[in-house]
Amino acid sequence: MYENVFNRVEEKYVLTKEQKETFLKKMEKYIKKDNFYESTICNIYFDTQNYDLVLHSLEKPIYKDKVRLRSYGIPHLEDEVFLEMKTKYNGIVNKRRTKLTLQEFYEYATRKKFASSDQVKKELDYLFRYYKLKPAYFIAYDRVSYQGILDNKLRITIDANLRSRKEDLQLELGDAGKKFFKEEKYIMEIKTLGAMPLWLVHNLSELKIFPVSFSKYGSIYQKEMEGRIC
């Protein structure tokens, strides 16, 4: 079984290599590698013809949503992938997803009808139809994942090699892309069901690691637009 609905608080941090290594050293007695410790995560983000979803997100509204197709590694047509919708309202993240093969997704994309229907698929189908969604960006990164030793609902992920492309928008075509950061930087996400434990807050403060507003899709899109203007 897999979870298909998540409600949680997420905080993001952009770390240098030194900050990452120091943080993980201090966390050794609090966190452990989770069951899927290392993975390359590949995503196709969907948007409207005019990129309305990402433009709305960049305005930092109270409510925003995104739709993406995600795989862990480079899939073949018969491999399972996740079709996800992710919303954020007042700082609370809700993620709903359904599992299907890559071939099944392409069949849906062709005929705009799922072979089987559950509530999550109905909601996703509504978004695809309402916004007339199309593939917009491929975004990938290499992730390591941890969970709390005492609280396995606490999750910490660290993503490296953030990269993207606007062509070849199919997961099976590999994970190559243009790197986002010029320097060696990492995106850390801390995911909790509520408030962070005090030991984590104290260690972040001691290391001067502070949360930032950082959307992978939004930041990549904004950087490309700024490059065009320049």
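So, how was this worked out
Residues numbered from 1 in each chain as written. Predicted model: local features only at pLDDT ≥ 70, side-chain atom pairs only at ≥ 80, totals over all residues. Heavy atoms only, no water. Helix = DSSP H or I, 4+ residues; strand = E, 2+ residues; numbered from the N terminus. Rg over C-alpha atoms; globule rule 2.2 N^0.38 Å. Areas by Shrake-Rupley, 256 points an atom, 1.4 Å probe, with all protein chains shown as cover. Lys, Arg positive; Asp, Glu negative; His and termini not counted. Charge placed at Lys NZ, Arg CZ, Asp CG, Glu CD. Patch = residues over 30% accessible without salt bridge, like charges linked within 9 Å, V, L, I, M, F, W, Y side chains within 5 Å. Salt bridge = Lys/Arg side-chain N within 4 Å of Asp/Glu carboxyl O. Buried < 20%, exposed > 50% of the residue type's maximum accessible area, 1.4 Å probe, protein only. Arc of directions from axis to C-beta. Contact = heavy atoms within 4.5 Å. Phe/Tyr/Trp six-rings, centres within 6.5 Å; stacked < 30°, edge-to-face > 60°. Core = buried A, V, L, I, M, F, W, Y, C linked by side-chain atoms within 4.5 Å. Pairing = 2+ DSSP bridges.

### Here we look at the overall build of the protein
And then number 1: Broken down by element type, the protein carries six helices and nine strands.
And then number 2: For 230 residues, the compact-globule estimate of 2.2 N^0.38 gives 17 Å, and the C-alpha radius of gyration of the protein, at 18 Å, lies within 12% of that figure.
And then number 3: Dimensions along the principal axes, computed over C-alpha positions, put the protein at roughly 55 × 50 × 35 Å.
And then number 4: Taken as a whole, the protein presents about 12800 Å² of accessible surface, with 52% of it coming from carbon and sulfur.
And then number 5: The centroid of the 43 positive side-chain charges in the protein is displaced by 2 Å from the centroid of its 34 negative side-chain charges.

### Digging into a nonpolar patch on the surface
And then number 1: A cluster of nonpolar side chains, contributed by Ile 62, Tyr 63 and Tyr 89, occupies part of the molecular surface with about 340 Å² of accessible area.
And then number 2: Within the element layout of this structure, Tyr 63 appears in strand β3 (residues 63-72).

### Notes on helix α3 (residues 102-111)
And then number 1: Within α3, the full set of buried residues consists of Leu 102, Phe 105 and Tyr 108. Down the axis of α3, the smallest arc covering the buried residues is 115°, so these residues share one side.
And then number 2: Summarising the contacts, the buried residues of α3 are in contact with β2 (31-47), β3, β4 (80-89), β5 (92-101) and α4 (119-131).
And then number 3: Once α3 ends, the next one or two residues include Lys 112, with phi positive near 55°.

### Some words on the environment of Tyr 186
And then number 1: With respect to the element layout, Tyr 186 can be found in strand β9 (residues 185-192).
And then number 2: Looking at Tyr 186, the relative accessible area reads 8%, which means it is buried.

### Describing the packing of aromatic side chains
And then number 1: Applying the stated rule across the entire model yields 20 aromatic pairs.
And then number 2: Measuring from centroid to centroid gives 6.1 Å for Tyr 72 and Phe 82, while their planes differ by 85°, and the two rings are edge-to-face. Placement of the pair is Tyr 72 in strand β3 and Phe 82 in strand β4, with a sequence separation of ten residues.
And then number 3: The partly exposed category is assigned to Tyr 72, whose relative accessible area is 44%.
And then number 4: Ring centres of Phe 105 and Phe 128 lie 6.5 Å apart, and the angle between their planes is 55°; this geometry places the pair in the tilted category. You can see Phe 105 sitting in helix α3 and its partner Phe 128 sitting in helix α4, a full 23 residues away along the chain. Here Phe 105 and Phe 128 have matching classes, each one buried.
And then number 5: Three or more aromatic residues joined by ring pairs make a cluster, and in this case those are Phe 46, Phe 105, Tyr 106, Tyr 108, Phe 114 and Phe 128.

### Observations concerning the nonpolar core
And then number 1: Phe 46, Val 67, Leu 69, Leu 83, Phe 105, Phe 128 and Leu 171 are the most contacted members of the largest nonpolar core, which has 22 residues in total.
And then number 2: Sorting the residues of this core by element identifies β2, β3, β4, α3, α4 and β6 (134-148) as the ones contributing at least two each.
And then number 3: For this core, the element with the most residues is α4, which contributes four residues.
And then number 4: Counting 18 residues, the second largest nonpolar core, distinct from the first, contains Ile 31, Tyr 146, Ile 158 and Leu 200.

### A few points about the pattern of salt bridges
And then number 1: Taken as a whole, this structure holds 19 salt bridges when the rule is applied.
And then number 2: In this structure, the salt-bridge partner of Asp 142 is Arg 163, at a minimum N-O distance of 3.3 Å. One end of the pair, Asp 142, is in strand β6; the other, Arg 163, is in strand β7 (residues 155-165), with 21 residues separating them in the sequence.
And then number 3: According to the relative accessible area criterion, Asp 142 is partly exposed, its value standing at 24%.

### Here's the deal with the pairing of β7
Every regular strand shows the same layout, with side chains that alternate between the two sheet faces.
And then number 1: Across the eleven residues that make up β7, a large majority, nine, are buried.
And then number 2: The pairing of β6 with β7 spans nine bridges and is classified as antiparallel. Bridge assignment links Val 144 to a residue of β7, and that residue is Ile 158.
And then number 3: Linkage of β6 to β7, two consecutive antiparallel strands, is achieved through a turn of six residues.
And then number 4: Two elements, β7 and β9, share five bridges in a ladder whose sense is antiparallel. Residue pairing across strands places Thr 157 opposite Glu 189, the latter belonging to β9.
And then number 5: Here two bridges tie β7 to strand β8 (residues 178-179), and the two strands are oriented antiparallel to one another.

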